[in-house]
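Residue-level structure breakdown
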Amino acid sequence: RFTGDDAKRNRSGKRAQKEKISKPSLSRNTSKPSLNWDEKENFWDEIKDLEAEKAIEKIEKELANVNDKKHEIDLWIKLGEKLYYIRKEGEAAEKFKAALIRDPDNITAIKSLGWCYQKLNKFSDARDCTKKILESDEKNVDALIDYAWCSQELKDWNQAREYYLKVLGIDEKNVDAN
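Here goes a summary of the coordinates provided. Remember, it's a predicted structure, so these values are computed and weren't measured experimentally.

Scanning the protein chain from N- to C-terminus turns up 9 helices and 0 strands. In sequence order, the protein chain lays out its α and β elements as α-α-α-α-α-α-α-α-α. For the protein chain, buried positions account for 43% of its 178 residues. When contacts within the protein chain are restricted to residue pairs at least 6 apart in sequence, those whose partners lie at least 24 apart make up 58%. Only carbon and sulfur atoms are counted for the fraction: they give 45% of the accessible area of the protein chain, which is about 10,700 Å².

Moving on: the nonpolar core. The biggest cluster of nonpolar side chains holds 40 residues, and the ones touching the most others in it are L63, L79 and L113. When contributions to this core are tallied by element, the ones reaching two or more residues are helix 3 (52-63), helix 4 (69-85), helix 5 (89-102), helix 6 (107-119), helix 7 (123-136), helix 8 (141-153) and helix 9 (157-170). Ranked by the residues each element gives to this core, the list is headed by helix 8, at 8 residues.

With that settled, the discussion passes to the packing of aromatic side chains. By the definition in use, this model includes 2 aromatic pairs. Relative to W149, the ring of F123 has its centre 5.5 Å away and its plane inclined at 75 degrees; by these criteria the two rings are edge-to-face. Remark: W149 occurs in helix 8 and F123 occurs in helix 7; sequence separation between them is 26 residues. On the accessibility criterion, F123 (9% relative accessible area) is buried. For the ring pair Y147 and Y163, a centre distance of 4.1 Å and an interplane angle of 40 degrees mean the geometry is tilted.

Look at N121: it is not a glycine, yet its phi comes out positive at around 60 degrees. Relative to the elements of secondary structure, N121 occurs in the loop between helix 6 and helix 7. With relative accessibility at 16%, the residue N121 sits in the buried group. Positive phi, close to 60 degrees, is recorded for K155, a residue that is not glycine. You can see K155 is positioned in the loop between helix 8 and helix 9.

Taking 1.5 Å per residue as the helical rise, helix 7 with its 14 residues ought to reach 20 Å, and the 21 Å between its terminal C-alpha atoms agrees with that figure. Every buried residue belonging to helix 7 is among F123, A126, R127, C129, T130, I133 and L134, and all of these are buried. The buried residues of helix 7 all sit within an arc of 155 degrees when viewed along its axis, so they share a single face. With respect to the buried face of helix 7, the exposed residues turned more than 90 degrees away are E135 and S136. The inward-facing, buried residues of helix 7 abut helix 6, helix 8 and helix 9.

Enumeration according to the criterion identifies 7 salt bridges in this entry. The partner of K78 in a salt bridge is E81, with the nearest N and O atoms 3.2 Å apart. Placement of the pair is K78 and E81 together in helix 4, with a separation of 3 residues, close to one helical turn. For K166, the salt bridge goes to E162, with nearest N and O atoms at 3.7 Å. With K166 and E162 both in helix 9 and 4 residues apart, this pair spans about one turn of that helix. Overall, the relative accessible area of 36% leaves K166 in the partly exposed class. Note on E162: relative accessible area 36%, which makes it partly exposed.

Rules used throughout
- Residues numbered from 1 in each chain as written.
- Predicted model: local features only at pLDDT ≥ 70, side-chain atom pairs only at ≥ 80, totals over all residues.
- Heavy atoms only, no water.
- Helix = DSSP H or I, 4+ residues; strand = E, 2+ residues; numbered from the N terminus.
- Buried < 20%, exposed > 50% of the residue type's maximum accessible area, 1.4 Å probe, protein only.
- Contact = heavy atoms within 4.5 Å.
- Areas by Shrake-Rupley, 256 points an atom, 1.4 Å probe, with all protein chains shown as cover.
- Core = buried A, V, L, I, M, F, W, Y, C linked by side-chain atoms within 4.5 Å.
- Phe/Tyr/Trp six-rings, centres within 6.5 Å; stacked < 30°, edge-to-face > 60°.
- Expected span 1.5 Å × (residues − 1).
- Arc of directions from axis to C-beta.
- Salt bridge = Lys/Arg side-chain N within 4 Å of Asp/Glu carboxyl O.

The structure is reproduced here in structure tokens:
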């Protein structure tokens, strides 16, 4: 999840190079049974303590054997987060898309894909992701700010103003909207 200081830090920096984002592969080996609940908890505990590169390798191995749809979605999202963390936004976007193929309404995947698009300077696509979030929660301040910020980057000043004002209508002391 990319919120707070991480969100502000991710908006700054040099322009990311545009990368071609291909459709993720849906093929997987289902010959080995997926992890049970306790094994999944242990798996996530192990992943959080690993360096990103090692965690990515372990998640990819688990993806090759997963049979549980929810666990598979969680793996795609975690893999995307690890790739995003090491500044591979194009690859991360592919992983978030893979999660969205399996669960089109997954807010975490939608928000994370939007962050990737922002880093790739695809502000129109990022704004589309944010719009999906707002369709389910029109008072989501973070999504309103993201929508306004993307509109600003697209030089859509009226939309930017409108959405910053929506933020202030919900939280008049919001620093990002003032």
